[in-house]
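In case you want the letters, here they are:
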Amino acid sequence: LRQVRWARFKVNWPCWDRDFVTFTTARKTSEYVALVSRSIQHADVPPKPDCVRGSILGSGYVVRPHPADPSKSRVVFIVQVDPKGWIPAALSNRAAWKQGSKIARVRDYLEQLNKQITS
């Protein structure tokens, strides 16, 4: 699977919203599923005048079955983001802290991805 994705993130005043255009690819083996993304420029998604275009230098998830219980998974997530422009450290740190809570969205995405790969 290879996708170009766009996401916009609301940021509190006095900062501007951030948006990101990423290229995401997925790989599924018998041992793991990996999703890897990085920012790209894409003609179909030009910068918005009311947003700061951030950059994802690298992002990825690796999901493996839990060795003691195959009905569960172990997830490793890594991301390096440059939000560009000015943003207070407190806002940036709060956004980073929330990333772990996004795992349900990752699960849903992987289930959808699995259906696409197997069909």
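Basis of the calculations
- Residues numbered from 1 in each chain as written.
- Predicted model: local features only at pLDDT ≥ 70, side-chain atom pairs only at ≥ 80, totals over all residues.
- Heavy atoms only, no water.
- Phe/Tyr/Trp six-rings, centres within 6.5 Å; stacked < 30°, edge-to-face > 60°.
- Helix = DSSP H or I, 4+ residues; strand = E, 2+ residues; numbered from the N terminus.
- Buried < 20%, exposed > 50% of the residue type's maximum accessible area, 1.4 Å probe, protein only.
- Lys NZ or Arg CZ within 6 Å of the ring centre and 35° of its normal.

Caption draft 1: A look at the packing of aromatic side chains. What the rule picks out here adds up to 2 aromatic pairs. Aromatic pair Phe9 and Phe20: ring centres 5.8 Å apart, planes at 70°, arrangement edge-to-face. Here Phe9, found in strand β1 (residues 2-9), pairs with Phe20, found in strand β2 (residues 17-28); they are 11 residues apart in sequence, far enough to count as distant. Judged by relative accessible area, Phe20 falls into the buried class, the value being 8%. A ring pair is formed by Tyr61 and Phe77, whose centres lie 4.5 Å apart and whose planes are at 25°; its orientation type is stacked. One end of the pair, Tyr61, is in strand β5 (residues 55-65); the other, Phe77, is in strand β6 (residues 73-82), and 16 residues separate them in sequence. Across from the ring centre of Trp6, 5.2 Å away, lies the NZ or CZ of Lys48, which sits over that ring.

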